[in-house]
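# Architecture and fold: a report
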Amino acid sequence: FKRMKEGLQRSTQALSEGVSGIFTKRKLDGETLQELEDLLIMADMGLDQAAAIAEAVGKGRYNKEVSPEEIREILAEEIAAVLAPVEKPFEIDSSKKPFIVLVTGVNGSGKTTTIGKIGAKLKAEGKSVMFAAGDTFRAAAIDQLKIWGERIGAPVVETKVGGDAAGLAFEAIDRAKAEGTDVLLIDTAGRLQNKAGLMAELEKVVRVIKKRDPEAPHLSLLVLDATTGQNAINQVEVFKETAGLTGLIMTKLDGTARGGILVALAGRFGLPVHLIGVGEGIDDLQSFNAKNFARAITG
Ligand code: GDP
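What you see is a predicted model; the values in this text were computed from it and never measured.

## Here we look at the packing of helix α2 (residues 9–23) against helix α12 (residues 290–298)
As a packed pair, α2 and α12 sit with axes 6 Å apart at the nearest point and diverge in direction by 65°. Residues S11, T12, L15 and S16 of α2 form the contact with α12, whose participating residues are A296, I297 and T298. Residues of the contact of α2 with α12, tallied by class, amount to 3 nonpolar, 4 polar and no charged.

This is the structure in structure tokens:
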């Protein structure tokens, strides 16, 4: 919890100081609540959630003196209530072998790093892991995944730059089956500047995976960079259908004052949030806990 709190420092500072600024020696009324709502919008919680949360904070407290500490506490409760339904641990079903995880996200979101971190976590739990370097467009992405593979001792299935991602996924599943691998993590391309091409490729990757195993991918996770704020909403819209998203991972929560974006996403899509990234290190990937997160960002 302490590590997450340190990671979320900038979001915490923005909300905590904001609440103090609004509610010190002032009553809770229409004006201060409007200021609170603006603060929540600035933290990227989105218009709907910001309005709903501010309203909930105000309920039964109009024209009362409420201390900033109390407001922070109530705020944490209300935020936790929005986030609780999407808190879902990252879990592997060992009866599925390999358990296939498709990982999508735009370039730079932290996709490759997150795959590496998840691989490390699984290895530490004694599971065997394989990576498929499905971002066949970028030599750097393939290399980066190979570095992770070496680091944690996971084989990496790759093809040449510009190679067919769907064919690679197919080959990786076969190899994982043959080797009795527990978990196969499939990386994908994320060049959003060619959206139509990207979606066509992703569709094909998913189709080929299903051909090999109709129940797969067992998880289809979108990696989102918290520092992009409201842009994350558009990214979910883009990937939701094509990738058949089952859940989200939010990275770089350590680098932003916009941690509230998780609240906006939870309210809008209700997709499970499994993990959050709070740094570049191998251990900087944590299970998402609604209560702790809400407490950490409200200060
Ligand atoms: P990809 O293009 O989506 O595969 O992104 P990368 O995995 O290459 O990550 C892009 C950059 O973000 C790298 O410098 C990572 O070290 C960094 N990064 C990834 N996750 C986090 C995180 O949770 N916190 C911070 N501060 N940096 C991160």
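## Overview of the packing of aromatic side chains
A full pass over the atoms with the stated rule returns 1 aromatic pair. Above the face of the F170 ring, R212 is positioned so that its terminal group lies 5.6 Å from the ring centre.

## Concerning the sheet that holds strand β9 (residues 273–277)
Here we have 8 strands laid out as an open sheet, ordered β5-β4-β6-β3-β7-β8-β9-β10, and mixed in their pairing. What marks the edges here is a single partner per strand, and that holds for β5 (156–157) and β10 (285–287). Two strands pair when backbone bridges link them, and strand β4 (residues 129–132) and strand β6 (residues 183–187) are joined in this way by 4 bridges, in the parallel orientation. Opposite M130, over in β6, you have L184 as the bridge partner. Contacts from helix α11 (residues 261–269) reach β7 (219–225), β8 (247–251) and β9, with the element oriented near 170° to β8.

Scoring rules and cut-offs
- Residues numbered from 1 in each chain as written.
- Predicted model: local features only at pLDDT ≥ 70, side-chain atom pairs only at ≥ 80, totals over all residues.
- Heavy atoms only, no water.
- Axes fitted to C-alpha atoms, helices over the stretch in contact; angles between N-to-C directions.
- Helix = DSSP H or I, 4+ residues; strand = E, 2+ residues; numbered from the N terminus.
- Contact = heavy atoms within 4.5 Å.
- Nonpolar A, V, L, I, M, F, W, Y, C, P; charged D, E, K, R; others polar.
- Phe/Tyr/Trp six-rings, centres within 6.5 Å; stacked < 30°, edge-to-face > 60°.
- Lys NZ or Arg CZ within 6 Å of the ring centre and 35° of its normal.
- Pairing = 2+ DSSP bridges.

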